Amino acid sequence: MSANTAFEISVFPGDGIGPEVIDPTVAILETLRDRIGGFDLRFRSEAAGAAHYKETGTALPEEAMARADKADAILLGAMGMPEIRYPDGREIAPQLDMRETFELFAGVRPVRTLPGAPVPLGDPRAQNLDFVLIRESTEGLFAGRGKTVFDGPADRPTAAHDTQTITRAGSERLFEFAFNLGAKRRERGHSGKVTCIDKANVIGGFYFFRQIFDEVAARHGVTEPDHMYVDACALNMVRRPWQFDVLVTENMFGDILSDLGAGLMGGMGMAPSADIGPRHAVFQPCHGSAPDIVGQGLANPTATLLSAVMMLEWLADIHGVADCARAGRILDKAVEVAFQDNGLVPTEYGGSSGTRAITDAVVAAITDGRAEARLDA
């Protein structure tokens, strides 16, 4: 097997329910690898996160990051626990350190409803949503993390100041990514329309952000760039989310809107993500460590499974491995079939389908051939 078909995957199970959703995902990926052939996946588990910080004083060991730096992809469960914090009060969030270290500038957050899965909006058009939000993940308001400036005495500050950073280079690469993704989606039958989400009517930095968007749009032959203020976007994601295809925005806005997108799908347990940079990519569910349900078998692995789909697709695209892409499509279809055929209702919907029930339904859809049959139909 040639080097570009044997992929090293750094796995960070993390905290809380992280291991509970990562373990079945890795097992399913191994099943797909063995079933499809033509590529290899080699997993190495790494210790990091809040519990590791509590035990060792280090949230993200240098050795783990060094190995992740050399890996072909990174698969992450969840990190952070509310009761474990740094001395300055911030929660432990090594995933943010990864974004900064590896320049994971494009936070890709798909919003896609699954046939058969209950969704909160009653309009029939909301049963078939398929759009994507791209969040700039290295700049914006998050760039001021850990750099807050306080006025007044240290024991009783009178004000706090955080700085937002938007650069031309960071914005250009973000918008290039968005328009390239729009072109790929257009080839698959979507509109491919890219909409810039900002607050250019109030904040000068966002007007700068919008101007750069228009410049990149012109390079891609878009003569009438599409814009929307973030408050209007939030409104329309509820009123008529089917109008969107590719949304691109700043870090903090993207953080908030991606959770709204997860709500449209039914909950955080359904929401996958990828953080992509020039050389590295991290794939993880949008949800957190959910300490309230740890060890109860209630964690929904769907978001992690769909993040694994994104990982397979990304590896296939980067390395030109068709079998890897097919494995991703089969896993994606298996999740869809599991919900369609089994009437799964995850616990966050108020149902009783926990980790085992969802995992078993997805595995069955793969091993009995239903996923491949419907994919090829």
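Refer to the structure above for everything that follows.
Reference entry: report on the structure contained in this document. Quick caveat: nothing in here was measured; it's all calculated off a predicted structure. (Residues numbered from 1 in each chain as written. Predicted model: local features only at pLDDT ≥ 70, side-chain atom pairs only at ≥ 80, totals over all residues. Heavy atoms only, no water.)

Scanning the protein chain from N- to C-terminus turns up 12 helices and 12 strands. For the protein chain, the C-alpha radius of gyration of 21 Å lies close to 21 Å, the compact-globule estimate for 377 residues. Overall, the protein chain is about 65 × 55 × 45 Å in size when its C-alpha atoms are taken along their principal axes. Sorting the 377 residues of the protein chain into buried and exposed places 51% on the buried side. Taking contacts inside the protein chain between residues at least 6 apart in sequence as the whole, the part at least 24 apart equals 75%. Per element, the accessible surface of the protein chain, about 16100 Å² overall, is 50% carbon and sulfur. Across the protein chain, the centroid of the 36 positively charged side chains sits 3 Å from that of the 52 negatively charged ones. (Helix = DSSP H or I, 4+ residues; strand = E, 2+ residues; numbered from the N terminus. Rg over C-alpha atoms; globule rule 2.2 N^0.38 Å. Buried < 20%, exposed > 50% of the residue type's maximum accessible area, 1.4 Å probe, protein only. Contact = heavy atoms within 4.5 Å. Areas by Shrake-Rupley, 256 points an atom, 1.4 Å probe, with all protein chains shown as cover. Lys, Arg positive; Asp, Glu negative; His and termini not counted. Charge placed at Lys NZ, Arg CZ, Asp CG, Glu CD.)

Judged by nonpolar contacts, the single largest core of 86 residues is most densely connected at Ile9, Phe175, Phe283, Leu315, Leu331 and Val362. If we skip the residues at most four places from it in the chain, Val362 touches Ile28, Leu305, Leu331, Ala334, Val335 and Ala338. Among the nonpolar cores identified, the runner-up in size contains 13 residues, and Leu60, Ile74, Met79 and Leu104 belong to it. (Core = buried A, V, L, I, M, F, W, Y, C linked by side-chain atoms within 4.5 Å.)

In the Ramachandran plot, Glu103 falls in the positive-phi region, its phi being about 55 degrees despite a non-glycine side chain. If you trace the backbone, Glu103 turns up in the loop between helix H4 (94-101) and strand S4 (106-112). Glu103 gets classed as partly exposed once you look at its relative accessible area, which sits at 38%.

Take the pairing of strand S10 (residues 246-249) next. Taken residue by residue, a regular strand's side chains alternate between the two faces of the sheet. Across the two faces of S10 the burial is the same, with Val246 and Val248 and Leu247 and Thr249 all buried. Pairing geometry for strand S5 (residues 130-136) and S10, over four bridges, is parallel. Residue pairing across strands places Ile134 opposite Val248, the latter belonging to S10. Bridge count between strand S8 (residues 194-198) and S10: four bridges; the pairing is parallel. (Pairing = 2+ DSSP bridges.)

Now for the sheet that holds strand S12 (residues 281-285). Picture the strands of a sheet paired through backbone hydrogen bonds; they go either parallel or antiparallel. As summarised here, the arrangement of the 10 strands in space is S2-S1-S3-S12-S11-S4-S5-S10-S8-S9, forming an open sheet in which the pairing is mixed. A single partner strand is all that each edge strand has here, and the edge strands are strand S2 (40-45) and strand S9 (226-229). Recorded for the sheet is a direction-independent mean angle of 25 degrees between the axes of neighbouring strands. Judged from the three bridges that link them, S4 and strand S11 (residues 272-276) form a sheet pairing that is antiparallel. In the strand pairing of S11, Gly107 is matched with Asp275. Running over the sheet, helix H6 (residues 204-219) touches S8, S9 and S10 and is turned about 165 degrees from S8. (Axes fitted to C-alpha atoms, helices over the stretch in contact; angles between N-to-C directions.)

The buried fraction of S5 amounts to six of the seven residues, a majority that puts the element mostly inside the structure. Here S4 pairs with S5 via seven bridges, running antiparallel. Across the sheet, Gly107 pairs through a bridge with Arg135, a residue of S5.

Quick look at the packing of aromatic side chains now. Counted according to the given criterion, the structure contains nine aromatic pairs. Relative to Tyr86, the ring of Tyr53 lies with its centre 5.1 Å away and its plane at 75 degrees, an arrangement referred to as edge-to-face. Of this pair, Tyr53 sits in helix H2 (residues 50-56) while Tyr86 sits in the loop between strand S3 (73-78) and H4, and the two are 33 residues apart along the sequence. Residue class for Tyr86 comes out buried when judged on its relative accessible area of 18%. An aromatic cluster of at least three residues, connected via ring pairs, comprises Phe175, Phe179, Phe206, Phe209, Phe213 and Phe253. The positively charged end of Arg135 is found above the aromatic ring belonging to Phe142, 4.9 Å away from the centroid. (Phe/Tyr/Trp six-rings, centres within 6.5 Å; stacked < 30°, edge-to-face > 60°. Lys NZ or Arg CZ within 6 Å of the ring centre and 35° of its normal.)

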